[in-house]
Amino acid sequence: MPRLTIARIASDTLLGTDVYQHEVISRASDALPPTDWQVDDTVVRSLRSPLPGTHRLPLGKLTTAPAAVRRLAGRALYPREAVVHRMSLELPPSPHADVLTLHDVVAWKFPDESAPVPAATEEIRRAAGVICVSAFSAGEAVDLLGIDPPHVVHNGVDGRFFDAEPVSAPELERLGITPPFVLTTGGASERKNLAGLAEAWPIVHRARPDLSLVLTGPPHPRRTALFSGLPEVVLAGLVDAELVPGLIAAAEAVVVPSLYEGFGFPALEGMAVGTPVVAAATSSLPEVVGDGGLLVGPDAPSLAAGVLDITSGDPEVERMTARGRARADGFTWERSLAGHAAVWRAVADR
């Protein structure tokens, strides 16, 4: 019986790549029926981590170790006969049937992101299978890392986002939010282009003083510095994952100003909810949004015009949002896992 080992680093959050890991792990057995495959979940934690897991490793030292040392660690960690799908480049590779997901190449391109694992480029080139979550990311990986074309398998969107009900007025009040508002979710690294949004917001506020901007995500000094003092801005912090679909549903629009995204969950989630989306026409975002959202330049005047257009009440916005909702239907985790399973089977057959 073929064996699949999904290897990940212990985490207690559900943000970005953690969402991806959760969905792949929870659905792998359905994509590979247990009568045909044995599926294992290997959860690696650092030596002092309080999080639950199956193995402890000196992750800090292992991340920077030479490639030969990492291969030895992988030989000791993973079952010899298994196809091993690594969810993180920090984990050591399997010396036998190594599959990995490369969400993006931001570690190689943006200095304020975590530095790339020194051995990662060599390991990616040696892998039996590489999955990228967008055609854009696959092209970037080929151009920057010199690898063979990876398998493109789009992410999905959780079913609870589809047609979610808006959160209640008391819940919005608890979060310090007063409607109407537009919503931006996610991190605060430079590629997220919060600087462009901060420059755009006073333009929006002058035209729509009734509208507020709500930003969610883990507290970050860059976000605070950019938006503190701007009018009608709410820094809501890290919102409980269960509230996110309803918060999107309560918004007038979702704004995704990023300069660079490997995929773009916030745009897809907004489309699934049925909330208008305005996104920068950069990186993978046009691939995900298509004609289901308003694509604009990432500069401040274009972002401001996009926010004003999408909240204007123009009937075309409603038609565009309907296209976005229909487009989101195609981004299912079932379809994504079918793509993953095809890669796992191909590697096992080899």
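Residues numbered from 1 in each chain as written. Predicted model: local features only at pLDDT ≥ 70, side-chain atom pairs only at ≥ 80, totals over all residues. Heavy atoms only, no water.

Participant: Hey, could you run me through unusual backbone geometry in this one?
Facilitator: Most peptide bonds take the trans form, and the phi angle of most residues other than glycine is negative. Proline 180 follows proline 179 through a cis peptide bond whose omega is -5 degrees. Locating proline 180 in the fold gives a position in the loop between helix H7 (169-174) and strand S8 (181-184). Of note, aspartate 163 is a non-glycine position whose phi angle comes to about 60 degrees, a positive value. Structurally, aspartate 163 is set in the loop between strand S7 (151-152) and H7. The partly exposed category is assigned to aspartate 163, whose relative accessible area is 47%. (Helix = DSSP H or I, 4+ residues; strand = E, 2+ residues; numbered from the N terminus. Buried < 20%, exposed > 50% of the residue type's maximum accessible area, 1.4 Å probe, protein only.)

Participant: How do you make sense of the pairing of strand S2 (residues 38-45) when you look at a structure like this?
Facilitator: Residues in a regular strand project their side chains so that they alternate between the two faces of the sheet. Across 7 bridges, strand S1 (residues 3-9) lies against S2 in parallel orientation. Bridging from a neighbouring strand, arginine 8 pairs with valine 43 of S2. The pairing of S2 with strand S3 (residues 55-56) spans 2 bridges and is classified as parallel. From the neighbouring strand, valine 44 faces S3, where its bridge partner is histidine 55. (Pairing = 2+ DSSP bridges.)

Participant: What exactly am I supposed to notice about the sheet that holds S7 here?
Facilitator: In sheet architecture, strand pairing relies on hydrogen bonds along the backbone and comes in two forms, parallel and antiparallel. Read across the sheet, 7 strands follow the order S3-S2-S1-S4-S5-S6-S7 without closing on themselves; strand pairing throughout is parallel. The strands lining the two open edges of the sheet, one partner per strand, are S3 and S7. Across the sheet, helix H1 (residues 17-31) lies against S1, S2, strand S4 (83-86) and strand S5 (98-102), angled at about 160 degrees from S1, the strand it touches most. Of the strands in this sheet, S5, strand S6 (129-132) and S7 touch helix H6 (residues 135-145), which is tilted by about 130 degrees from S6. (Contact = heavy atoms within 4.5 Å. Axes fitted to C-alpha atoms, helices over the stretch in contact; angles between N-to-C directions.)

Participant: In this structure, what is going on with helix H15 (residues 333-349)? I would like to understand it.
Facilitator: Side chains three or four residues apart in an α-helix point the same way, a direct result of the helix having 3.6 residues per turn. With 17 residues, H15 should reach 24 Å at 1.5 Å per residue; the first-to-last C-alpha distance of 24 Å fits that figure. Looking at H15, one finds that the buried residues are Trp333, Ser336, Leu337, His340, Ala341, Val343, Trp344 and Val347. Each buried residue of H15 sits inside an arc of 160 degrees when the element is viewed along its axis, so together they form one side. In H15, the exposed positions angled more than 90 degrees off the buried face are occupied by Arg335 and Asp349. (Expected span 1.5 Å × (residues − 1). Arc of directions from axis to C-beta.)

Participant: Could you clarify how one ought to interpret the pairing of strand S10 (residues 233-237) in this entry?
Facilitator: Extensive coverage of S10 is indicated by the burial of 4 of its 5 residues. Pairing geometry for strand S9 (residues 212-216) and S10, over 4 bridges, is parallel. Within S10, the residue paired with threonine 216 across the bridge is glycine 237. Once you follow S9 into helix H9 (residues 221-227) and on to S10, the crossover reads as right-handed. (Right-handed = clockwise from strand over helix to strand, strands pointing away.)

Participant: Looking at this structure, I do not really get the domain arrangement of the chain. What am I missing?
Facilitator: Interfaces are often sized by the amount of accessible area the parts lose when they come together. Taken domain by domain, the chain holds domain 1 (3-156 + 332-349) and domain 2 (159-329). The straight-line distance from the C-alpha centre of domain 1 to that of domain 2 is 30 Å. Listed per partner, the contact involves 22 residues of domain 1 and 16 residues of domain 2. Of the roughly 1,500 Å² buried at the junction of domain 1 and domain 2 (both faces included), carbon and sulfur atoms supply 63%. Its largest share of buried area at the contact with domain 2, domain 1 owes to Phe110, Asp112 and Phe136, together 32% of the area lost on that side. At the junction of domain 1 and domain 2, the tally comes to 2 salt bridges. (Domains from an automatic or database assignment. Buried area = accessible area lost by both parts, 1.4 Å probe. Salt bridge = Lys/Arg side-chain N within 4 Å of Asp/Glu carboxyl O.)

Participant: Would you take a moment to explain the environment of threonine 185 for this structure?
Facilitator: Take threonine 185: it is sitting in the loop between S8 and helix H8 (194-207). Overall, the relative accessible area of 25% leaves threonine 185 in the partly exposed class. Residues threonine 185 and alanine 236, spaced 51 residues apart in sequence, show a C-alpha to C-alpha distance of 9.8 Å. When neighbours within four sequence positions are excluded, threonine 185 is seen to be in contact with Thr216 and Pro266.

Participant: How should I be thinking about the pattern of salt bridges in this particular structure?
Facilitator: Working definition: two side chains of opposite charge can pair if their charged atoms are close together. Enumeration over the complete set of coordinates arrives at 23 salt bridges. In this structure, the salt-bridge partner of glutamate 123 is arginine 86, at a minimum N-O distance of 3.4 Å. Of this pair, glutamate 123 sits in helix H5 (residues 120-126) while arginine 86 sits in strand S4, and the two are 37 residues apart along the sequence. What makes glutamate 123 buried here is its relative accessible area of 5%. The class of arginine 86 is buried, set by a relative accessible area of 1%. Where glutamate 140 meets lysine 109, a salt bridge forms, and the shortest distance between an N and an O atom there is 2.9 Å. Placement of the pair is glutamate 140 in helix H6 and lysine 109 in helix H4 (residues 106-109), with a sequence separation of 31 residues. Connected via shared salt-bridge partners are Arg70, Arg86, Asp98 and Glu123.

Participant: When you look at the packing of H1 against H15 in this model, what are you seeing that I'm missing?
Facilitator: Between two packed helices, both the angle of their axes relative to each other and the distance between the axes serve to describe the pair. Their axes nearest at 9 Å, the elements H1 and H15 cross at an angle of 70 degrees. With respect to H15, the axis of H1 lies roughly perpendicular. In this structure, H1 meets H15 at a crossing whose hand is right-handed. Side by side, H1 and H15 meet where Val19, Tyr20, Glu23, Val24, Arg27, Ala28 and Ala31 of the first sit next to Trp333, Glu334, Leu337, His340, Ala341, Trp344 and Arg345 of the second. Looking at the contact of H1 with H15 residue by residue, the class counts come to 9 nonpolar, 1 polar and 4 charged. (Parallel < 35°, antiparallel > 145°, perpendicular 65-115°, else oblique. Left-handed = near helix turned anticlockwise from the far one by under 90°. Nonpolar A, V, L, I, M, F, W, Y, C, P; charged D, E, K, R; others polar.)

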